[in-house]
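Now for the letters of each chain:
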Amino acid sequence: MCYADEDQTNGFGVPMEQKLSVIMACDVVGYSRLMGIDEKGTLSALKSHRRELLDVRIAEHQGRTIKLIGDGMLVEFRTAEDAVLCSIDIQREMRQRNADVPEDRRIEFRIGINIGDIIFEDDDVYGDGVNVAARIENIAEPGGIAVSSSVRDTLGNRLSIGFEDAGEQALKNIERPLRIFNIIIDDPEVGASKRGSTSPIAVPSPNIRGNPVFKSNRTLLYVSRFLNLSGDPDQEYFAAGISEDIAAALSRFSRLNVIVQAPRSEPRRDGPTTYYTLEGSVRRLGDRVRVNANLTNVLREQIWAEKYDFDLVDVFYIQDELSQSIPAALNIKIEEAERQRVLGKPLTALRAYDFYLRGRHLEQSLNPDEVRLAREMFIAAIKDDPSYPRGYLGLAWLDIRKLKWNESVDLQATLASAFASASKALDLNPFEADAHWALGVIHLWRGEAERAIGCYERGRELAPNNCDLLAEYCDALGYLGRLEDAIRVGELAVRLNPSRPDWYLWNIAASKYLSGNYSDALSLLEKMIELGPAYRLLAATYGKLGRLEDAHRAASELLKIYPEFSIERYSSRAPYRDKALLAKYVEGLRLAGLPE
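Residues numbered from 1 in each chain as written. Predicted model: local features only at pLDDT ≥ 70, side-chain atom pairs only at ≥ 80, totals over all residues. Heavy atoms only, no water.

(A) Here's a closer look at the overall build of the protein. Scanning the protein from terminus to terminus reveals 22 helices and 14 strands. Among the 596 residues that make up the protein, the fraction classed as buried is 52%. Within the protein, residue pairs in contact and separated by at least 24 positions form 64% of the contacts whose partners lie at least 6 positions apart. (Helix = DSSP H or I, 4+ residues; strand = E, 2+ residues; numbered from the N terminus. Buried < 20%, exposed > 50% of the residue type's maximum accessible area, 1.4 Å probe, protein only. Contact = heavy atoms within 4.5 Å.)

(B) Molecular detail of the packing of helix α17 (residues 502-514) against helix α18 (residues 518-525). Across the interface, α17 lies against α18 with an axial gap of 8 Å and an inter-helix angle of 170°. Here α18 runs roughly antiparallel to α17, going by the angle between their axes. The crossing of α17 and α18 is left-handed. Contact residues: α17 offers L505, W506, I508, A509, K512 and Y513, while α18 offers Y518, D520, A521, L524 and L525. Grouping the constituent residues of the contact of α17 with α18 by class yields nine nonpolar, no polar and two charged. (Axes fitted to C-alpha atoms, helices over the stretch in contact; angles between N-to-C directions. Parallel < 35°, antiparallel > 145°, perpendicular 65-115°, else oblique. Left-handed = near helix turned anticlockwise from the far one by under 90°. Nonpolar A, V, L, I, M, F, W, Y, C, P; charged D, E, K, R; others polar.)

(C) Up close: the pattern of salt bridges. Inspection of every chain in the model, using the stated rule, returns 27 salt bridges. Linking R300 and E279 is a salt bridge whose minimum nitrogen-to-oxygen distance equals 3.4 Å. With R300 in the loop between β13 (288-297) and β14 (302-311) and E279 in strand β12 (residues 275-285), this residue pair connects regions lying 21 residues apart in the sequence. Close ionic contact of R547 with D550 constitutes a salt bridge, the shortest N to O distance being 2.9 Å. Overall, the relative accessible area of 35% leaves R547 in the partly exposed class. Each of R51, E52, R57, E60, E93 and R97 takes part in one network of salt bridges that share partners. (Salt bridge = Lys/Arg side-chain N within 4 Å of Asp/Glu carboxyl O.)

(D) Focus on the packing of aromatic side chains. Going through the model one piece at a time under the given rule, you end up with 15 aromatic pairs. Their ring planes at 65° and their centres at 5.1 Å tell us that Y513 and Y518 sit as a pair that is edge-to-face. Note on accessibility: Y513 and Y518 belong to one class, buried. Taken together, a centroid distance of 6.3 Å and an interplanar angle of 75° make the contact between Y576 and Y585 edge-to-face. You'll find Y576 and Y585 in the same group, each marked buried. If you follow R446 out to its NZ or CZ, it ends over the ring of F419, 4.2 Å from the centre. (Phe/Tyr/Trp six-rings, centres within 6.5 Å; stacked < 30°, edge-to-face > 60°. Lys NZ or Arg CZ within 6 Å of the ring centre and 35° of its normal.)

(E) Seen up close, the nonpolar core. One finds I113, L221, L278, W304, I326, Y570 and Y576 to be the most contacted residues of the largest nonpolar core, which totals 170 residues. For this core, the element with the highest residue contribution is helix α8 (residues 315-343), accounting for 10 residues. Each residue touching I326, except ones within four places of it in the same chain, is listed here: I246, L278, A293, W304 and Y308. Counting nine residues, the second largest nonpolar core, distinct from the first, contains I23, A25, I66 and L74. (Core = buried A, V, L, I, M, F, W, Y, C linked by side-chain atoms within 4.5 Å.)

(F) Representation of helix α4 (residues 128-139). Here α4 contains 12 residues, and its C-alpha end-to-end distance of 17 Å stays within 8% of the 16 Å for a straight helix at 1.5 Å per residue. G129, V130, V132, A133, I136 and E137 are the residues of α4 that are buried. Along the axis of α4, the buried positions cluster into a sector of 165°, meaning they face one direction only. (Expected span 1.5 Å × (residues − 1). Arc of directions from axis to C-beta.)

(G) Fine view of helix α13 (residues 433-445). Its 13 residues give α13 an end-to-end C-alpha distance of 19 Å, which sits within 8% of 18 Å, the value for a rise of 1.5 Å per residue. Just past α13, the residue G447 takes up positive phi, approximately 85°.

(H) Seen up close, the environment of E306. Here E306 lies in strand β14. Between the C-alpha atom of E306 and that of A329, which follows or precedes it by 23 residues, the distance is 9.5 Å. Setting aside residues no more than four positions away along its own chain, E306 makes contact with V291, N292 and A293.

(I) Representation of the environment of W397. Checked against the element boundaries, W397 lands in helix α11 (residues 389-404). Look at W397 and you get buried, because its relative accessible area is 12%. As a C-alpha pair, W397 and R375 span 22 residues in sequence and 10.0 Å in three-dimensional space. Once residues lying within four places of it in the same chain are set aside, the contact partners of W397 are E363, W437, A438, V441 and E472.

(J) A look at the state of the cysteines. Scanning the entire structure with this criterion turns up zero disulfides. Between C26, a cysteine without a disulfide, and C86, which holds the nearest cysteine sulfur, the sulfur-to-sulfur distance is 9.1 Å. A relative accessible area of 3% places C26 in the buried class. (Disulfide = S-S within 2.5 Å.)

(K) Structural view of unusual backbone geometry. We note that Q62 has phi near 55°; this positive angle belongs to a residue other than glycine. Positive phi, normally seen in glycine, also occurs at R300, with a value near 65°.

(L) Quick peek at the pairing of β12. The buried count for β12 comes to eight of 11 residues, which makes it a mostly enclosed element. Alignment of strand β9 (residues 219-224) against β12, held across four bridges, turns out to be parallel. Bridge assignment links L220 to a residue of β12, and that residue is Y275. When β12 meets β13, the two strands line up antiparallel, connected through 10 bridges. Directly across from R284, in β13, lies its bridge partner V289. Hairpin connection, β12 to β13: the antiparallel pair is bridged by two residues, and G286 has positive phi, about 65°. (Pairing = 2+ DSSP bridges.)

Here it is, written out as structure tokens:
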């Protein structure tokens, strides 16, 4: 969760580091009994297990031991996959180590894994995430692994392991019951035979098995295995690899249910009436590879199509490039298609997801009446389904827009309202990348730079190919004075989304302006079709270039849209970390003749 607390110190002025992490808690079953039987032998064996097994496996899976507590330890991992695979390796090897040890002398570990906040302070570690991980570990089976529902949801079907639903558990000193899952640990040989390989990563099934579970308020996307049209059976692995990478990347968008199916097979007809299908092909032409991708809707109407040509130099580079570009394009095209579908439906036929999409369409308008109607749509989404987070996200973005567009509103009240809405969305779905993104903007405007960066990075981790998030991150990095990073991230967003909206260019242009590259800033702004509030930057850019007549004209256009704009309000609010950059911007605004 991005930071919902208000204090950044411990009350004595000592700063605290707080971040969202995957936490593994581990300790020895019956440690006191073992010490009573043989204290010296137990300590020696435990140290040996830690040195030869736990420390090695933790390092292999990019973990970091953050605290040792007698017979227990707390370990931080970058991803849920790393934590779970590390835990499975540890428990499997401990079975082998204990094979010839008398039962009453065996050292067995319980392991609990959770995703939550960690607070580092005075060389110690605290936080709800740590407490919950420790409580989950307490109820794990000896030699077993228990995980929170947040870990289970994050993993999805990416690992070929089984889960046993242990139901909701009342954990000591934890306010509300939590749903817990036990990981089913196979012997390595059994697991390998079930997977068909020794890889821990699950290969998507070529067919839909059983009845897929459709989460409400999510769009269904069937991904067909890409066809190998090269006439070379050796290229099958390449076509299959592309399909798997794309499906895995698409599954990270919280608005999509992704199902892999056999090539050219028809989607199931007993599921939702609205769905999309991605098909593709791979053809090798000498030393070149051509990949075609095609997205159709339920009526088999083409929504999007693209071809990609590569030199066959680095197969892994090609797969990486496609696993970014195709998911980014599809996420955008599917939402566009869904919005158009919803706009043609009567209000009485709309449900939460449809209300949200209609609100998103209206939200972009410069017409105040349509913006007010967008709010009504988001509220209607919440009323229809209070557990759907995107209605709350819509409300948060309406408040954020008021600040970004320099509207005449109470700064603190607007930030508080946006924070409440975004936090509610995050409570409903901790893995909603857009909620972390929204909180990043809010922390930025509060002047909490480190927290803002943390939220943006968590959003990127959850949805690395979300172009809008990347473009917005460009804006934040510009305010924080990290101009080279801002331009790099902004240009990546444009590359991933060739049909990008104009505000992508505005954000890159702002960092070009702050870098003193006024000509490049102007070139980007002149590519925009509808500038809207970006007339502010255009006016300042013309001013710095000495084109004062053009600057005054752009300032006049800005005031037509926002007659209450003032330099004082902008400069007192805008979250520039480096006041010299703010002064550079204000100088351009004054040259353009905008009101103080």
